[in-house]
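Structure assessment
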Amino acid sequence: MHLQHVALWLAATVPAAARASCTNNGQLTKRVPATSDPYYPSPWMDPEADGWEDAYAKAKDFVSQLTLLEKVNLTTGVGWAAEQCVGQTGSIPRLGLRSMCMQDSPLGIRGTDYNSVFPSGQTAAATFDRNLLNRRGYAMGIEAKGKGVTVLLGPVAGPLGRMPEGGRNWEGFSPDPVLTGISIAETIKGVQDAGVVACAKHFVGNEQEHFRQVGEAKGYGYNISETLSSNIDDKTMHELYLWPFQDAVRAGVGSVMCSYQQVNNSYACQNSKLLNDLLKNELGFQGFVMSDWQAQHTGAASAVAGLDMTMPGDTEFNTGISFWGANLTLGVLNGTVPAWRLDDMAMRIMAAYFKAGLTIKQDPINFSFWTRDTYGPIHWAANKDVQQINWHVDVRQDHGNLIREIAAKGTVLLKNNGSLPLKKPKFLVVVGDDAGGNPLGPNGCNDRGCDNGTVGIGWGSGTANYPYLVTPDAALQAQAIKDGTRYESVLSNYANTQTRALVSQANATAVIFVNADSGEGYINVDGNEGDRKNLTLWKNGDDLVKNVASVCPNTIVVIHSPGPVLITDWYNNPNITAILWAGFPGQESGNSITDVLYGKVNPSARTPFSWGATRESFGTDVLYEPNNGNGAPQQDFSEGVFIDYRHFDKANASLIYEFGFGLSYTTFEYSNIQVQKSSSGAYNPTTGTTGPAPTFGNYSTNLTDYVFPSDEFPYVYQYIYPYLNTSDAKNASADPFYGQPAEDFLPPQATNGSAQPLLRSSGKSVPGGNRQLFDVLYTITADIKNTGSLAGDEVPQLYLSLGGPDDPKVVLRDFARIRIDPGQTSQFRAKLTRRDLSNWDPAVQDWVVSNATKTVYVGRSSRLLDLSAQLL
Ligand SMILES: *[C@@H]1O[C@H](CO)[C@@H](O)[C@H](O)[C@H]1NC(C)=O
Ligand SMILES: *[C@@H]1O[C@H](CO)[C@@H](O)[C@H](O)[C@H]1NC(C)=O
Ligand SMILES: *[C@@H]1O[C@H](CO)[C@@H](O)[C@H](O)[C@H]1NC(C)=O
Ligand SMILES: *[C@@H]1O[C@H](CO)[C@@H](O)[C@H](O)[C@H]1NC(C)=O
Ligand SMILES: *[C@@H]1O[C@H](CO)[C@@H](O)[C@H](O)[C@H]1NC(C)=O
Ligand SMILES: *[C@@H]1O[C@H](CO)[C@@H](O)[C@H](O)[C@H]1NC(C)=O
Ligand SMILES: *[C@@H]1O[C@H](CO)[C@@H](O)[C@H](O)[C@H]1NC(C)=O
Ligand SMILES: *[C@@H]1O[C@H](CO)[C@@H](O)[C@H](O)[C@H]1NC(C)=O
Ligand SMILES: *[C@@H]1O[C@H](CO)[C@@H](O)[C@H](O)[C@H]1NC(C)=O
Ligand SMILES: *[C@@H]1O[C@H](CO)[C@@H](O)[C@H](O)[C@H]1NC(C)=O
């Protein structure tokens, strides 16, 4: 454990020793490892931050009353499975504050019952609909609130989606930072409007599952001693991976979860550059940073690097020991961790809490994550205190309708030769394992870790239990019976003879359901250790499609997947008359796809990622084998900002369906682009300083005041407490190196609480960065006419060419989803802010609008750019 301190100090301050590695041509070369600059001290809250003033005042009032032990209780989880939720803090019984409940997931409440399963973030992003994203967030927030959850562990902007194989991409939104930024902001506002704290995760560079945790990797047979390092340069960080987190902070997010892996060879949960500098200083984040589960690796060092809450509190699950808890109490008492830093942690946690509208008296937690039984031990890991632990509260309201709407409006029509919408077809044949149910039940596989029947969501902690799952087979059959359509389904990918016999009959319309799946790294499904091991369809899906299409001239393909799959072999086959991507639709899957296939919903979703012809064409891939001996695998993000469509455009490479593409059952015409320049004045870099770090309340320095209150204290086995076992500090700590002076292992300035200069790019009391970055510099309008015969939504998109030699050909900057009746014209109105028009300049350490000529485009995808104009 002592070594962990040292490891942190090294990681945070000095370059790790040069490592040797083999290059592709087999020659041994030295590579210069990426390092992360130290940034101290950790910024404290700003009493005047926009939108946080009331919350700050309430937090100050509350935190000022707290004892040191009570403050530590707020910061430290009580241990894995110690209470009902997936993570809980200590409580403050003296003031009536119950333990805070942290609960997954980004698409529904995980592990409970009578909750909804919403479409994945990625599917919701495909709607390109701010309002729907917001309503989804609100509905999830309402369900969390109804269960007694304090912090909903979502939404996700890390992974962003650098590699299409990345296991958790579907939990997030899109590899485009603007689409993700808008999506995460709308979701956060929705969640927090419902009265629970949102948690933007995983900060940052958490792009793959492989090697994110040492223990997990070892379980798969990879012998590594440290987790993966995502090596990201400053410009790429700002223009790509940090971008959506900036929007999250601007949206007022209450908490941010730091990720498992390292960034530039420093663990994300103790990386002072990430937490102190980027998040809290530059972006002005006022909420609290929570560790991912077991992502904390040090005590004092993570505290001064900007971590505010450790989850689930124990060093590793069920060790009964903690880097914080008693150690944090001691760390403050012995002066290693400044008192102002602990006060700031408590302030940030309570301010986020009040900002979400919570009051000290909360509704009780009415479920236990660990069991569906009504009665059981409330302290699950300790198997202690059997009582009622599940009240089975139904929190779903009418969210099923919203889920159905989002999934239908998130279904992308990729190809249509006129076979859709279906109109009372004579004979409908539905084919594929993915059209039916899981024979083991919709929740039959732990955390959805299998591919049996239709895939409605991926696997891992980003899931929830289905209250029901409407299969495509069930919904399409019901529609067929209503219409008088003959209907047969073959719910297998391997029943070649039977399938062929049906789909080759006269008048057959075949709808094939195929899938691919992915999830979190702790579950391996068919050799996919979280990340997908390939980009092909699962379970022989390609052959199924080809076999059906070879005999059926009206073959429609529906894909459920967590990102692109390779459809190169068949998408052009004329017998394949339509292709749809239905994402991960959630519990209403069958109803949503029926709505689209039959035209009850006119499709208008856009693919939130590109579909390349080959795996290699994407230019990035998961690192599947350690590349640094036993040391931290090194993943260099050397492509910079060129991922997804930016990469394909740069390589001038063809692709099958580009980012932003999607068809409708009607047609639209674009015309009349207009650019209006706003006078916003010159950019003023922020200047000035903060105040000095405040402290709130007093504390005794007599260690006897910190031991367990009495011999009768109801101690729970393996539970993490703030108390000391004994008033002997060294023994209470159990740290064999207890007494090591802070200067020996904490970087200079780590404990400095004096006033600090503000960064030029940071906001003065405004979360999200310098206020002027969000000045609107241009407004762009265009006319969109519905030239078809059906009402429909169109998603006009604003792209920008920043014009520099190192810039992507175009980048998305704004979009809208507009309902237009046949023959009618509507105006698309988009804006460009200063940030939109800028590049991050690492030398200046700020956003700078370059002198290059800039061009705007209004179009229907990243490659169908109907209209353009130069910005003057
Ligand atoms: C800390 O939290 C634990 C668990 O909720 C509780 O038993 C204990 O009383 C709390 N301690 C203080 C000092 O509030
Ligand atoms: C893993 O690597 C370490 C360091 O080289 C070595 O000591 C250990 O034996 C290895 N473990 C296994 C299971 O190969
Ligand atoms: C304090 O942290 C050290 C690791 O730095 C650990 O070995 C020790 O067990 C912890 N003490 C408690 C009481 O959790
Ligand atoms: C369900 O999934 C599990 C895990 O992938 C697999 O072993 C099993 O064969 C599947 N069962 C059915 C009935 O499809
Ligand atoms: C059904 O198939 C028969 C034989 O090919 C054809 O004559 C008839 O027009 C088809 N009917 C419909 C409704 O497509
Ligand atoms: C890709 O992985 C899936 C899921 O494990 C598997 O079903 C499929 O056969 C693999 N594809 C190829 C070409 O190996
Ligand atoms: C299309 O289907 C017809 C049967 O209707 C078949 O004869 C033909 O070969 C198929 N075409 C392709 C390209 O598979
Ligand atoms: C600490 O508190 C204990 C119990 O109140 C008392 O006996 C002891 O004298 C105090 N120690 C100091 C150094 O004040
Ligand atoms: C202070 O407490 C921490 C946490 O137990 C411990 O790691 C450190 O060695 C202590 N330092 C001093 C100077 O006593
Ligand atoms: C743009 O050009 C002007 C005039 O040459 C120059 O002063 C300015 O520094 C340039 N700006 C940037 C960002 O390069």
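Residues numbered from 1 in each chain as written. Chains lettered and ligands numbered in written order. Predicted model: local features only at pLDDT ≥ 70, side-chain atom pairs only at ≥ 80, totals over all residues. Heavy atoms only, no water.

With an unreviewed UniProt entry as reference, the protein is termed Beta-glucosidase cel3A, source organism Podospora didyma. Quoted verbatim from the Sequence similarities (unreviewed entry) field of the UniProt record, the comment on the protein reads "Belongs to the glycosyl hydrolase 3 family." What the UniProt record of the protein gives under Catalytic activity (unreviewed entry) is the line "Hydrolysis of terminal, non-reducing beta-D-glucosyl residues with release of beta-D-glucose." (UniProt positions renumbered as here; feature names shortened; annotations may be inferred.)

Time to look at the side chain of Thr 75. For Thr 75, the location among the structural elements is in helix H3 (residues 68–75). Classification of Thr 75 by relative accessible area gives buried; the value is 0%. At a separation of 3.1 Å, a polar atom in the side chain of Thr 75 contacts the side chain of Thr 76. Apart from residues no more than four positions distant in its own chain, Thr 75 is found in contact with Asp 308, Met 309, Thr 310, Trp 324, Leu 328, Leu 342, Met 345 and Ile 349. (Helix = DSSP H or I, 4+ residues; strand = E, 2+ residues; numbered from the N terminus. Buried < 20%, exposed > 50% of the residue type's maximum accessible area, 1.4 Å probe, protein only. Polar contact = N/O pair within 3.5 Å; in protein donor to acceptor, adjacent residues only side chain to side chain. Contact = heavy atoms within 4.5 Å.)

With five of six residues buried, strand E32 (residues 854–859) is to be regarded as a mostly interior element. In this sheet, E32 lies alongside strand E26 (residues 797–801) in antiparallel orientation, the contact comprising five bridges. Looking at E32, one finds that Leu 800 is bridged to Val 856. Here E32 pairs with strand E33 (residues 867–871) via five bridges, running antiparallel. Paired with Val 858 across the strands is Leu 867, a residue of E33. (Pairing = 2+ DSSP bridges.)

So, about the layout of surface pockets. In this structure, the largest pocket spans a volume of roughly 810 Å³. Listed by contribution, the elements that provide at least two residues to the lining of the largest pocket are helix H1 (2–13), helix H12 (326–333) and helix H20 (729–733). For the lining of the largest pocket, the leading source of residues is H12, giving five residues. The residue makeup of the lining of the largest pocket, split by class, is 22 nonpolar, 18 polar and one charged. (1 Å grid on protein atoms, 1.4 Å probe; cavity = no way out; pocket = protein on both sides within 12 Å on 5 of 7 lines; lining within 4 Å. Points joined across faces, edges and corners; volume = space filled by probe spheres on them. Nonpolar A, V, L, I, M, F, W, Y, C, P; charged D, E, K, R; others polar.)

Looking now at the domain arrangement of the protein. When cut into domains, the protein gives domain 1 (46–393), domain 2 (411–601) and domain 3 (670–680 + 775–871). Taking the mean C-alpha position of each, domain 1 and domain 3 sit 34 Å from one another. Summing the contributions of domain 1 and of domain 3, the shared interface buries around 1,600 Å²; its carbon and sulfur component is 56%. When the buried area of domain 1 at its contact with domain 3 is split by residue, Phe 128, Lys 235 and Trp 243 rank highest and sum to 35% of it. Taken together, the links from domain 1 to domain 3 amount to three salt bridges. A salt bridge links Asp 129 to Arg 817, with the shortest nitrogen-to-oxygen separation between them at 3.8 Å. Counting every contact that joins domain 1 to domain 3 gives eleven residue pairs in polar contact (both at pLDDT 80 or more). Listing elements by their share of the side of domain 1 that touches domain 3, those giving two or more residues are helix H6 (177–193), helix H8 (234–241), helix H9 (243–250) and helix H10 (272–282). The biggest single contributor to the side of domain 1 that touches domain 3 is H8, with four residues. The residue inventory of the side of domain 1 that touches domain 3, partitioned by class, reads five nonpolar, three polar and nine charged. (Domains from an automatic or database assignment. Buried area = accessible area lost by both parts, 1.4 Å probe. Salt bridge = Lys/Arg side-chain N within 4 Å of Asp/Glu carboxyl O.)

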